[in-house]
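# Structural characterization, general
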Amino acid sequence: MNSNKKTARLVGILFILAAVTAVIGLLLYDPILNESDYLTAGAEHSRQVVLGAVLELILVVSAVGTATTMYPILKKYDGTIALWHVCFRFLEAVLIIIGIISVLALLTLSQEYIAGGAQNSSVFEANGTVLKAIHEWTFLLGPNFMLGINTMMYSFIFYKSKLVPRFIPIIGMTGAALVFTCSILVMFDVIEQVSVWGALLAMPVAANEMILAVWLITKGFNDAPLLKMIKAKQNVSS
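Now for a quick tour of the structure. (Residues numbered from 1 in each chain as written. Predicted model: local features only at pLDDT ≥ 70, side-chain atom pairs only at ≥ 80, totals over all residues. Heavy atoms only, no water.)

Along the protein chain, the regular secondary structure elements total nine helices and zero strands. Listing each helix as α and each strand as β along the protein chain from the N terminus yields α-α-α-α-α-α-α-α-α. Each principal axis of the C-alpha atoms in the protein chain carries an extent, and together these give about 80 × 35 × 25 Å. Among the 238 residues that make up the protein chain, the fraction classed as buried is 44%. If you take every contact in the protein chain between residues at least 6 apart in sequence, the share linking residues at least 24 apart comes to 77%. (Helix = DSSP H or I, 4+ residues; strand = E, 2+ residues; numbered from the N terminus. Buried < 20%, exposed > 50% of the residue type's maximum accessible area, 1.4 Å probe, protein only. Contact = heavy atoms within 4.5 Å.)

Given below as structure tokens:
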């Protein structure tokens with residue numbers, strides 16, 4: 001039980017760390033992703049952009065950490081879905097890494113543009129457009145599409161096992177469905193990802209992660225389902 005409490009606290013801390021680094025990292029990317037003169041602004045704010053990349057790398061570690069840390073607990077209730085959760089969380093992390101690489105490549109492009117005296121701007125802008133598009137797609141497919149799938153999986157196991165109060169996985173499954181729907185709507189140009197609708201559809205899954213994180217840190221996993229499973233295994237072995 002003590003080991004499970006420690007696991008729960010670690011998962012909660014990793015969820016919060018992932019959320020904080022994701023938000024701050026994206027804000028630090030602002031000069032190179034959102035400025036109209038990003039080829040100049042990127043080089044001027046190179047350390048800020050690199051710091052954003054470092055924070056997103058911490059996000060990747062935290063995201064994978066939540067899945068692998070929860071896996072030993074979740075697999076006791078549904079081994080297949082628990083494994084799928086780890087795999088889809090890993091795919092989310094891979095997409096985030098591709099997005100990081102695209103931003104760092106865009107930073108290099110910006111620095112080369114400045115070093116060359118801002119010549120051949122059309123060529124640099126064409127390459128920059130491609131790199132920004134790669135980041136936009138990874139930002140959609142990772143923290144929206146894949147996030148919706150893996151959140152649905154761990155929330156379903158939490159709902160079935162009663163390891164946490166059922167209102168939390170209900171929020172989780174609702175948020176997962178909404179953020180997944182958001183990604184599909186964005187892919188078909190029905191809404192913009194960075195928009196009021198995009199924010200509203202993403203809000204429940206973000207709320208779920210923070211509520212779950214606080215619960216795991218303060219309360220941990222419910223002991224009753226775990227004790228029941230241990231007792232059932234003892235009865236089988238005897």
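Within this structure, the stated rule accounts for five aromatic pairs. Ring plane angle 55° and centroid distance 5.9 Å describe the contact between Phe 15 and Tyr 154, whose orientation is recorded as tilted. On the criterion of sequence distance, the pair formed by Phe 15 in helix α1 (residues 2-28) and Tyr 154 in helix α6 (residues 121-161) is long-range, its members being 139 residues apart. The class for Tyr 154 is buried, based on a relative accessible area of 1%. Arranged with centres 6.1 Å apart and planes meeting at 40°, the rings of Phe 158 and Phe 221 form a pair that is tilted. Of this pair, Phe 158 sits in helix α6 while Phe 221 sits in the loop between α8 (196-218) and α9 (223-237), and the two are 63 residues apart along the sequence. Just as Phe 158 is buried, Phe 221 falls in that class too. Taken together, the ring pairs in this structure connect Phe 15, Tyr 154, Phe 158 and Phe 221 into an aromatic cluster. Over the aromatic face of Tyr 38 sits the side chain of Lys 132, whose NZ or CZ is 4.2 Å from the ring centroid. (Phe/Tyr/Trp six-rings, centres within 6.5 Å; stacked < 30°, edge-to-face > 60°. Lys NZ or Arg CZ within 6 Å of the ring centre and 35° of its normal.)

Below, the discussion takes up the pattern of salt bridges. In total, this model carries two salt bridges according to the counting rule given. Close ionic contact of Lys 160 with Asp 78 constitutes a salt bridge, the shortest N to O distance being 3.1 Å. Placement of the pair is Lys 160 in helix α6 and Asp 78 in the loop between α4 (46-74) and α5 (79-115), with a sequence separation of 82 residues. Overall, Lys 160 belongs to the partly exposed group, its relative accessible area being 39%. (Salt bridge = Lys/Arg side-chain N within 4 Å of Asp/Glu carboxyl O.)

Unusually for a residue other than glycine, Asn 120 sits at a positive phi of about 55°. The topology assignment puts Asn 120 in the loop between α5 and α6. Non-glycine residue Lys 162 carries a positive phi angle of around 65°. Mapped onto the secondary structure, Lys 162 falls in the loop between α6 and α7 (167-187). The class of Lys 162 is partly exposed, set by a relative accessible area of 45%.

A few words on empty space enclosed by the protein. A complete count under the given rule lists one cavity of 30 Å³ or more for this structure. Leu 26, Glu 56, Leu 95, Ile 96, Gly 99, Ile 100, His 135, Thr 138, Phe 139 and Pro 143 together form the lining of the largest cavity. Secondary-structure elements contributing two or more residues to the lining of the largest cavity are α5 and α6. Residues that form the lining of the largest cavity fall into these classes: six nonpolar, three polar and one charged. (1 Å grid on protein atoms, 1.4 Å probe; cavity = no way out; pocket = protein on both sides within 12 Å on 5 of 7 lines; lining within 4 Å. Points joined across faces, edges and corners; volume = space filled by probe spheres on them. Nonpolar A, V, L, I, M, F, W, Y, C, P; charged D, E, K, R; others polar.)

Among the nonpolar cores identified, the biggest contains 23 residues, and Phe 158, Leu 212 and Phe 221 are the most heavily contacted of them. Listed by contribution, the elements that provide at least two residues to this core are α1, α4, α5, α6 and α8. Per-element accounting of this core gives the leading share, six residues, to α6. Residues Leu 39, Leu 59, Leu 107 and Tyr 113 belong to the second largest nonpolar core, which totals 20 residues. (Core = buried A, V, L, I, M, F, W, Y, C linked by side-chain atoms within 4.5 Å.)

One can describe the packing of α5 onto α6 by two numbers: an axis separation of 8 Å at closest approach and a directional angle of 165°. Relative to α6, α5 is oriented roughly antiparallel. Every pair of crossing elements has a handedness; the one defined by α5 and α6 is left-handed. Residue composition of the contact of α5 with α6, grouped by class: 24 nonpolar, 10 polar and four charged. (Axes fitted to C-alpha atoms, helices over the stretch in contact; angles between N-to-C directions. Parallel < 35°, antiparallel > 145°, perpendicular 65-115°, else oblique. Left-handed = near helix turned anticlockwise from the far one by under 90°.)

Our focus in this paragraph is the environment of Gln 111. Looking at where Gln 111 falls in the secondary structure, it is placed in helix α5. For Gln 111 and Leu 55, which are 56 residues apart along the polypeptide, the C-alpha to C-alpha distance reads 21 Å. Apart from residues lying up to four places away in sequence, Gln 111 is in contact with Ala 43 and Ser 46.

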